[in-house]
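The primary structure of each chain is shown beneath.
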Amino acid sequence: MEDLKLHGFWYSPFTMRVVWTLKLKGLAYENIEEDRYNKSPQLLEYNPVHKKTPVLVHGGKPICESMIIVQYIDELWPQNPLVPHDPYDRAQARFWVAYSEQLVPALPALLQSTSAEEKEKAVQKAWENFKVLEDHWFADKRKFFGGDKINIADIAIGSLFAFFVTIEDIKQVKVLVAERFPLLHLWFDNFKNAPVIKESFPDRD
C-alpha cells in the first residue's frame with residue numbers, strides 16, 4: 001500500500017481532480033477532510049505558500065496544486081495513463097488543462113451573484129468559454145478528450161463542470177444548456193457517468 005494522504009475539501013472541484021485520479025489509478029489513500037475556515041496546522045505546514053487544498057502527501061513529502069498533483073501521480077503510476085504518449089497529443093491535452101483556468105472566475109461570480117443582472121453577466125461569461133470548448137474541443141465528437149479513455153483534460157474541465165451544474169440548482173439558472181452546447185453536454189454526460197467518476201461524484205444535495 002502506498003503511503004498517500006490527501007488533504008482537501010470534499011466539495012472542491014480541485015480536490016475532485018485528485019480523488020478521481022487516485023481512483024482511476026486504483027490507488028488507496030487516506031482522506032483528511034479539511035475545514036475551509038479552520039485549516040489544520042498540517043495543511044499550513046505542507047502548503048505554506050498558498051495555504052490551500054488539495055495537498056497530496058506521499059511518503060511524508062507534500063505536493064501542491066491540483067493539476068501538478070494529477071501529473072505527479074500519472075508519472076509515478078503508469079496504469080491507466082492520463083497523459084497522452086504522443087508529444088503532439090500531450091501538448092494538446094496540456095493546452096486545454098491550461099485553458100480550464102479561464103473557466104474558474106465564472107464559478108464564484110455566478111455563486112455570489114445577487115441580482116438578475118449579475119447572474120446574467122456571469123452566465124454570459126461562462127457561455128463564452130463554453131462556446132470555445134464546443135467549437136474547438138469536441139469538433140470530432142469524441143466520447144472523451146482522450147478518445148475512449150479519460151485523460152487529464154477531461155479531469156481538469158470535468159471537475160469545474162461538476163460545480164457548474166451544482167450552482168444551477170442553487171441559483172435557479174441553466175448554464176450547461178443542451179440545445180446551445182450539444183457536444184459539451186454529451187461529453188459531460190459521458191464523463192460523469194463513467195464508473196470511476198460516478199462512484200466518487202459529490203452528492204448533489
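Note: the structure precedes this text.
Residues numbered from 1 in each chain as written. Predicted model: local features only at pLDDT ≥ 70, side-chain atom pairs only at ≥ 80, totals over all residues. Heavy atoms only, no water.

1. Quick notes on the overall build of the protein
When you go through the protein residue by residue, the secondary structure sums to nine helices and four strands. Mapped in sequence order, the helices and strands of the protein form the string β-α-β-α-β-β-α-α-α-α-α-α-α. At 17 Å, the protein has a C-alpha radius of gyration in line with the 17 Å of a compact globule built from 205 residues. Principal axes of the C-alpha set define a box for the protein whose edges measure 45 × 40 × 30 Å. In the protein, which comprises 205 residues, the share counted as buried stands at 46%. Intrachain contacts of the protein at a sequence separation of at least 6 include 70% that bridge at least 24 residues. (Helix = DSSP H or I, 4+ residues; strand = E, 2+ residues; numbered from the N terminus. Rg over C-alpha atoms; globule rule 2.2 N^0.38 Å. Buried < 20%, exposed > 50% of the residue type's maximum accessible area, 1.4 Å probe, protein only. Contact = heavy atoms within 4.5 Å.)

2. A few points about the packing of helix H6 (residues 116–137) against helix H7 (residues 152–171)
At a closest axis distance of 13 Å, the pairing of H6 and H7 adopts a crossing angle of 145 degrees. In this structure, the crossing between H6 and H7 has a hand that is left-handed. Residues Lys119, Ala126, Phe130, Leu133 and Trp137 of H6 form the contact with H7, whose own contacting residues are Ala153, Asp154, Ile157, Phe161, Phe164 and Lys171. (Axes fitted to C-alpha atoms, helices over the stretch in contact; angles between N-to-C directions. Left-handed = near helix turned anticlockwise from the far one by under 90°.)

3. As for H7
Taking 1.5 Å as the rise per residue, H7 with 20 residues should run 28 Å; its terminal C-alpha atoms sit 29 Å apart, in good agreement. Most of H7 is tucked away: 16 of the 20 residues are buried. In this structure asparagine 151 caps H7, since a side-chain oxygen of it lies 2.9 Å from the backbone nitrogen of alanine 153. Just downstream of H7, glutamine 172 is the residue with a positive phi angle, here 55 degrees. (Expected span 1.5 Å × (residues − 1). Polar contact = N/O pair within 3.5 Å; in protein donor to acceptor, adjacent residues only side chain to side chain.)

4. Describing the pairing of strand E1 (residues 4–8)
By the criterion of burial, E1 is predominantly enclosed, with four of the five residues buried. Across four bridges, the pairing between E1 and strand E3 (residues 55–58) is antiparallel. Paired with leucine 4 across the two strands is histidine 58, which belongs to E3. Two strands pair when backbone bridges link them, and E1 and strand E2 (residues 30–33) are joined in this way by four bridges, in the parallel orientation. Across the sheet, glycine 8 pairs through a bridge with glutamate 33, a residue of E2. For the handedness criterion, the β-α-β arrangement of E1, helix H1 (residues 13–25) and E2 is classed as right-handed. (Pairing = 2+ DSSP bridges. Right-handed = clockwise from strand over helix to strand, strands pointing away.)

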